[in-house]
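Here's the letter readout for the chains.
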Amino acid sequence: MIAADRPVQRPADSKVLHVDAAGRIRTVPRSSLIDLLSPGDLVVANDAATLPASLRGVHVETGAEIEVRLAARASLAPADVLRFHAIVFGAGDYRTRTEDRALPPPLAPGQKLLLGSLTAVIEQLLGHPRLISVRFENSAAEIWAGLARHGRPIQYTHMPQALQLWDVWTPIAAQPVAYEPASAGFALDWQLLAALASKGILFATITHAAGISSTGDPDLDRLLPFDEPYRIPPVTAEAIQHASREGRRVVAIGTTVVRALEHSAARLGAVVAGDGVADQRIGRQTRLRVVDAILSGTHEAGTSHYDLLRAFADDSTLRRADQALDEGGFRTHEFGDSVLIFAANARTGRRARSPYTSRFLRAPDVVQEPGRLSSAGRLVGCSC
């Protein structure tokens, strides 16, 4: 695959690799996405806007330059911005590969980080020299103003030009809670949404705090995804419940939508309106309760995003899809091309079951790995 290196959300030559429920694979223009969907399908997207979550500043104890990438917080509440988990780098910026970024100076609880107009105090070290929890000494209003004034979108070296905030907001962006863009939603535009409605395809949204995709460190990357808060509106929960009862497909735009909907259903027996925190890892062991298909970016094997796709297709099918992506010159990363994967059981079996019966199923279909980091700053085991 080829790294997409221009911040263009819907380039005219963008493509979709379509993997149907039988494992058949074909390539179509992304402009033909609507032709891969059917009347009655319910498309669900993440409407989270992206925070300017990269803050450059100074480690007060040593005077060393640092970059702090905000990575998690406990909820979506606008006032709940005093405490974050964060990844800290030494001097440098996105023009250096994340894997090659310098470590920060030795960090310890009580030390202060000066980040533009904001001051953060290290509260805890979280088992790695780059991973900390911080508390801002500013008010919530000052924090929002400081992020707007001094923050920049988190960025990686494959994108040579500096990203602007408008580059990383999807067309449906609403509340700024994501740390990196819910980039599967870049495939959407208002013309497509109108076309969906004309074809009888329903559309709904959730809000999910999409997390960072890479830390540059294998040990930290194994902790991804961090716990991510989400909100499911009542109209979306009702639409999903109706689709399930009527045997209609639910198509998720992005891994964050899958994670939120499957978390709600696994915990509560159905997708229920309200706030939650997705603390699970979805993968090959997961039996999907809600989502029948996923539209996603192209992901490399070994990443948490790729592992989530293993809930939709077996490894043999994904290997054939990887080969097709390579041979077709697909572009990867957030401004790249897309894959649309329908789960093997998308049209049979659980679709005929009421969503409320799933609470009585005993299979442990959501897995959280021991030693993973929770949003409260503690190491937790399986919470199935």
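Anyway, here's the lowdown on the structure attached to this text. (Residues numbered from 1 in each chain as written. Predicted model: local features only at pLDDT ≥ 70, side-chain atom pairs only at ≥ 80, totals over all residues. Heavy atoms only, no water.)

## A word on the overall build of the chain
Selection rule: Under the DSSP-based scheme used, a helix requires at least four consecutive residues in state H or I and a strand at least two consecutive residues in state E, with every element numbered from the N terminus. In this analysis, two residues are considered to be in contact whenever any of their non-hydrogen atoms come within 4.5 Å of each other. For the area figures, the Shrake-Rupley method with a 1.4 Å probe applies, and any residue is considered shielded solely by the protein chains shown.
Of regular secondary structure, the chain possesses seven helices and 21 strands. Once local pairs closer than 6 in sequence are excluded, the contacts in the chain between residues at least 24 apart make up 72%. Approximately 15,600 Å² of the chain is accessible, and the part contributed by carbon and sulfur atoms is 54%.

## Topic: the pairing of strand E4 (residues 42-46)
Condition: We call a residue buried when its accessible area falls under 20% of the maximum for its residue type, exposed when it is over 50%, and partly exposed in between, using a 1.4 Å probe and counting protein chains only. Paired strands, as defined in this entry, are two strands with at least two bridges between them according to DSSP.
In terms of burial, E4 is largely enclosed, as five of its five residues are buried. Across the two faces of E4 the burial is the same, with Leu42, Val44 and Asn46 and Val43 and Ala45 all buried. Relative to strand E13 (residues 202-208), E4 runs parallel, the two being bridged by five bridges. Within E13, the position partnered with Val44 by the bridge is Ala204.

## Some words on the environment of Ala243
Relative to the assigned elements, Ala243 resides in helix H4 (residues 234-245). What makes Ala243 buried here is its relative accessible area of 0%. Each C-alpha atom, one on Ala243 and one on Leu202, is 9.7 Å from the other, the two residues being 41 residues apart in sequence. When neighbours within four sequence positions are excluded, Ala243 is seen to be in contact with Leu42, Arg248 and Val250.

## Things to note about unusual backbone geometry
Residues Leu224 and Pro225 are joined by a peptide bond in cis, for which omega reads -5°. Of note, Pro225 is situated in the loop between helix H3 (218-221) and strand E14 (228-232). Although it is not a glycine, His333 adopts a positive phi angle of roughly 75°. Mapping His333 onto the fold places it in the loop between strand E18 (331-332) and strand E19 (338-342).

## Examining helix H7 (residues 315-327)
Cut-off, in case you're wondering: Here the expected length of a helix is defined as 1.5 Å per residue gap, with one fewer gap than residues. Along the arc lie the directions from the helix axis toward the C-beta atoms.
When the terminal C-alpha atoms of H7 are compared, their 18 Å separation across 13 residues agrees well with the 18 Å that a helix rising 1.5 Å per residue should span. Restricting attention to buried positions, one finds in H7 the residues Thr317, Leu318, Ala321, Ala324 and Leu325. Taken down its axis, H7 places every buried residue within 115° of arc, on the same side. Summarising the geometry of H7, the exposed residues directed more than 90 degrees from the buried face are Arg319 and Glu327. Summarising the contacts, the buried residues of H7 are in contact with strand E2 (15-19), strand E3 (25-29), helix H6 (304-309) and E19. Among the residues trailing H7, Gly329 stands out with phi positive, at a value near 65°.

## Looking at the pairing of strand E9 (residues 112-115)
Of the two faces of E9, the one lined by Leu113 and Leu115 is fully buried and the one lined by Lys112 and Leu114 carries no buried residue. Where strand E6 (residues 54-59) lies against E9, two bridges are found, and the strand directions are antiparallel. Following the sheet pairing, Val58 is matched in E9 by Leu114. With four bridges joining them, E9 and strand E10 (residues 118-128) adopt antiparallel strand pairing. The residue bridging Leu114 from the neighbouring strand is Thr119, located in E10. Here E9 folds back onto E10, and the loop between the two strands holds two residues, one of which, Gly116, carries a positive phi near 65°.

## Re the pattern of salt bridges
For clarity, the cut-off: Salt bridges are defined as contacts in which a side-chain nitrogen from Lys or Arg sits within 4 Å of a carboxyl oxygen from Asp or Glu.
Within the structure shown, the criterion is met by 20 salt bridges. Two residues, Asp41 and Arg249, come together in a salt bridge whose shortest N-O distance is 2.9 Å. Pair noted here: Asp41 is in the loop between E3 and E4 and Arg249 is in the loop between H4 and strand E15 (250-253), with a separation of 208 residues, a long-range link. Exposure class is identical for Asp41 and Arg249. Each is buried. Notably, a salt bridge pairs Asp93 with Arg95, separated by 2.5 Å at the nearest N-O pair. Given a relative accessible area of 19%, Asp93 falls into the buried group. One network of salt bridges, with partners in common, ties together Arg284, Asp307, Arg310 and Asp315.

## Here we look at the sheet that holds E2
Quick reminder of the rule: Convention adopted: a line fitted to C-alpha atoms gives each axis, helices being fitted over their contacting stretch, and angles between N-to-C directions are expressed from 0 to 180 degrees.
The strand order E3-E2-E19-E17-E15-E4-E13-E14-E16 describes an open sheet built from nine strands, whose pairing is mixed. For this open sheet the edge positions go to E3 and strand E16 (274-278), each flanked by a neighbour on one side alone. Here the strands of the sheet are splayed against their neighbours by 25° on average, with no regard to which way each runs. Of the strand pairs in this sheet, E13 and E14 are connected by two bridges, and their pairing is antiparallel. Bridge pairing links His208 to Tyr230 in E14. Sitting on the sheet, H7 touches E2, E3 and E19, and the angle it makes with E2 is about 155°.

## Some details on the packing of aromatic side chains
Here a ring pair, both rings aromatic, is described through the centre-centre distance and the interplanar angle of the planes. Stated precisely, the cut-off is as follows: Two aromatic rings from Phe, Tyr or Trp, using only the six-membered ring of Trp, form a pair when their centres are within 6.5 Å; if the ring planes differ by under 30 degrees the pair is stacked, by over 60 it is edge-to-face, and anything between is tilted.
For the coordinates displayed, the defined rule picks out three aromatic pairs. Look at Phe84 and Phe136: their rings are 6.0 Å apart centre to centre, the planes differ by 85°, and that puts the pair in the edge-to-face class. Pair noted here: Phe84 is in strand E8 (residues 83-89) and Phe136 is in strand E11 (residues 131-136), with a separation of 52 residues, a long-range link. Note on accessibility: Phe84 and Phe136 belong to one class, buried. Between the aromatic rings of Phe186 and Phe335, the centroid separation amounts to 5.1 Å while the plane-to-plane angle is 15°, which identifies the pairing as stacked.

## Describing the sheet that holds E8
The strand order around the closed barrel built from six strands is E6-E7-E8-E11-E10-E9, with neighbouring strands paired in antiparallel fashion. Between one strand and the next, the sheet's axes are offset by a mean angle of 45°, whatever the strand orientation. Across six bridges, E6 lies against strand E7 (residues 64-72) in antiparallel orientation. Counterpart to His59 in the pairing with E7 is Ala64. Sitting on the sheet, helix H1 (residues 140-150) touches E6, E7, E9, E10 and E11, and the angle it makes with E10 is about 85°.

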